[in-house]
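Summary of the model geometry
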Amino acid sequence: MQIKIGILSAALIANDFIISLRNVDPSHYKFVAIGASTLESAKAFALKHNIPKAYGSYEELCKDEEIDLVYICNRNLMHFAAAKLAIENKKHVLVEKPFTIDPDTSKELFALGKKHGVFVMEALWSRFLPSYYTVREIINSGQIGDVLHISAHHFTSNFNDRLCLKRMGGGVTADMGVYALNSIFEGVGYQKPTNIKAFGRLSMPGESETSVTAILDFPNGATATMMLSARLGTRQYLDKIRIVTYIGTTGYLKVVDSINNPTSLEVNGKVIDTNVNDNRIGYNWPISHGLHYQFTEVRNCIMDGQLTSSLHTSKNTILLTETIRKVVEEVGAEVEETPRELVAQYYGKSNKLSASEPKSLCIPPTIYHGTTPRDGD
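Presented here is an overview of the structure given in this document. Not measured: the values here are computed from a predicted model.

Rules used in this analysis
- Residues numbered from 1 in each chain as written.
- Predicted model: local features only at pLDDT ≥ 70, side-chain atom pairs only at ≥ 80, totals over all residues.
- Heavy atoms only, no water.
- Helix = DSSP H or I, 4+ residues; strand = E, 2+ residues; numbered from the N terminus.
- Buried < 20%, exposed > 50% of the residue type's maximum accessible area, 1.4 Å probe, protein only.
- Lys, Arg positive; Asp, Glu negative; His and termini not counted.
- Salt bridge = Lys/Arg side-chain N within 4 Å of Asp/Glu carboxyl O.
- Contact = heavy atoms within 4.5 Å.
- Expected span 1.5 Å × (residues − 1).
- Pairing = 2+ DSSP bridges.
- Right-handed = clockwise from strand over helix to strand, strands pointing away.
- Phe/Tyr/Trp six-rings, centres within 6.5 Å; stacked < 30°, edge-to-face > 60°.

**Considerations on the side chain of Glu 297**
Within the secondary structure, Glu 297 is located in helix H11 (residues 292-303). Here Glu 297 sits buried without a salt bridge, and the closest side chain of opposite charge, Arg 136, lies 8.7 Å off (N-O distance). In contact with Glu 297, not counting residues within four places along its chain, are Met 121, Phe 128, Ser 309, Ser 310 and Leu 311.

**Topic: helix H12 (residues 314-331)**
Given a rise of 1.5 Å per residue, 18 residues ought to cover 26 Å, and the 26 Å separating the end C-alpha atoms of H12 matches this to within 8%. One or two residues past the end of H12 sits Gly 332, with phi positive at roughly 95 degrees.

**Quick look at the pattern of salt bridges**
One pass over the full model with this rule turns up 11 salt bridges. Of the charged contacts in the structure, one is a salt bridge between Lys 84 and Glu 88, with a shortest N-O distance of 3.4 Å. Of this pair, Lys 84 and Glu 88 both sit in helix H4 (residues 79-88), 4 residues apart, which is roughly one turn of that helix. With relative accessibility at 11%, the residue Lys 84 sits in the buried group. Ionic pairing is found between Arg 136 and Glu 186, a salt bridge with its closest N-O pair at 2.8 Å. Here Arg 136, found in helix H6 (residues 130-140), pairs with Glu 186, found in helix H9 (residues 177-187); they are 50 residues apart in sequence, far enough to count as distant. An identical accessibility class is assigned to Arg 136 and Glu 186; each is buried. Through salt bridges with shared partners, a single ionic network connects Lys 53, Asp 64 and Glu 66.

**A few points about the pairing of strand E6 (residues 120-123)**
The pairing of strand E5 (residues 92-96) with E6 spans 4 bridges and is parallel. Looking at the pairing, Val 95 lines up with Glu 122 of E6. For the crossover from E5 across helix H5 (residues 103-116) to E6, the handedness is right-handed.

**A word on the packing of aromatic side chains**
Following the criterion strictly, the structure yields 7 aromatic pairs and no others. Relative to Phe 31, the ring of Phe 17 has its centre 6.2 Å away and its plane inclined at 80 degrees; by these criteria the two rings are edge-to-face. Note that Phe 17 is positioned in helix H1 (residues 12-20) and Phe 31 in strand E2 (residues 29-35), a separation of 14 residues in sequence. As far as burial versus exposure is concerned, Phe 17 and Phe 31 are alike and both buried.

Right, dumping it as structure tokens:
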């Protein structure tokens, strides 16, 4: 079965998704259309990737009857409206992480998919990588005993408006923390935490969080810590500090060099190679070479008539969204209300910082905890 794919947004990750899918049997997929916020950008993207149809709006893309699956990778805040539009036009959807920025809209999309008989999944690509299959196998086989604690660290030096402005659906917890939380939940079988405490720093009062430290407690007795930051001043040591460690009663497991797409694992002193580098050129992010594994899951589910994935379930996605919201509330960051329809201001040029906004949204290193910070607090 060949899945005909429409790309919703000419985002950087869309480029990488297309390149990674070249690792898949071409009889399994075909890119047939791209929809962007302007016809000019859609045409440029289509020309670059040899996609036959270009649309200057998301609405036109979702109404294309040739398309089976819409890959949604527009701004975080607009995921819900875009996915809703696609689902209501009877399209299967693969929605970039974070699926939505609040639990209610996540639940609504899965319910809407069921109503219209289409497949819906969050594109949390790390969960489908061979490395994380190995992580699950090691934990479930008892090689490190019972998991007592998980620490997950995810950092970046790419401090930008997407990570610090609430009108972009910003904040490191939704954008980056989804990877750290997935790694944590892998260690406890996606249990819901019984208690969450978090503190961090905001880009500015009334805006999104740019650094977070969170502590999670689980029903089975395990605990976890999560550290996130977009405030690093260099990329030089990122591969040394973006790590996950699972501490068990009889051993340990470490995700060594990248929380997103680890090239190796270390279990009780033994190093396991999990590198899936395809050596293809053109990626915007060097680690994107594993993006195609999630598509294989999508295609298999569609062929089997499933409406959700049995690996990354709707329950998993909703738990991630609920946990992200709880952490954000603990930190005291502001969250923009999710638009129910596509609004041009959220995916056009107005996303960029205006001339009246500060060039750097970093504020002095004041730590906010528990309540929303206000001017003068």
